[in-house]
Amino acid sequence: PVVNLASHIRWGRNVESPGEDPKLVGEYAIAFVKGFQENDEDKTHILGSACCKHFVANQLERWNGTTRHNFDAITPKRDLYDSYLPPFKDCVVEGKVSGIYCAIILFPYERITQ
C-alpha cells in the first residue's frame, strides 16, 4: 500500500493514499498488509508479498521543473518523526510487511536508496 501522507496537492498519487492523518494511514497499512499477506490455513507462509511505499516523504511527481528524480525532501525532524515515519513503523512492526519500496527522491541531499 501507499503509506505516504497525502498532504501536498501537487503529489500525483494522492488518490492512492488514505489521507494525511498518520494514525489513519498507519491503521490502513496494517489492515492492508495483514489482509494481503496472512493465510488462515497456513500460518508459516504468506499469501503474497505486500510492499509499503514510498519510503519516506515522497510528495512530488512534477512541478515547476522539479521532478521526483531531483526533488530534495528537506523535512523538519519533528514532522518526520511525528507524521511521516509512524505509518511506515506501523506497516513494519504491526503489519509485518515483507517489503519496503524506497522513494527515488533526495532525502536530504542524498538518494534514500544509497
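The structure under discussion appears in the preceding block.
Residues numbered from 1 in each chain as written. Predicted model: local features only at pLDDT ≥ 70, side-chain atom pairs only at ≥ 80, totals over all residues. Heavy atoms only, no water.

(A) Broad picture of the state of the cysteines. Counted according to the given criterion, the structure contains one disulfide. The disulfide partner of Cys-52 is Cys-91, and the gap between their sulfur atoms is 1.5 Å. With Cys-52 in strand β1 (residues 52–55) and Cys-91 in helix α2 (residues 77–93), this pair connects stretches of sequence that are 39 residues apart. In terms of burial, Cys-52 and Cys-91 fall into one category: buried. Of all cysteine sulfurs, the one in Cys-52 lies closest to Cys-51, which takes part in no disulfide; the gap is 7.0 Å. (Disulfide = S-S within 2.5 Å. Helix = DSSP H or I, 4+ residues; strand = E, 2+ residues; numbered from the N terminus. Buried < 20%, exposed > 50% of the residue type's maximum accessible area, 1.4 Å probe, protein only.)

(B) Representation of the packing of aromatic side chains. With the rule as written, the count across this model stands at three aromatic pairs. Between Phe-32 and Phe-36, the aromatic rings sit 6.2 Å apart at their centres with planes inclined by 15°, giving stacked as the arrangement. Of this pair, Phe-32 and Phe-36 both sit in helix α1 (residues 22–37), four residues apart, which is roughly one turn of that helix. Taken together through their ring pairs, the aromatic side chains of Tyr-28, Phe-32 and Phe-36 make up a single cluster. (Phe/Tyr/Trp six-rings, centres within 6.5 Å; stacked < 30°, edge-to-face > 60°.)

All quantities given are derived from atomic positions and should not be read as evidence of function.
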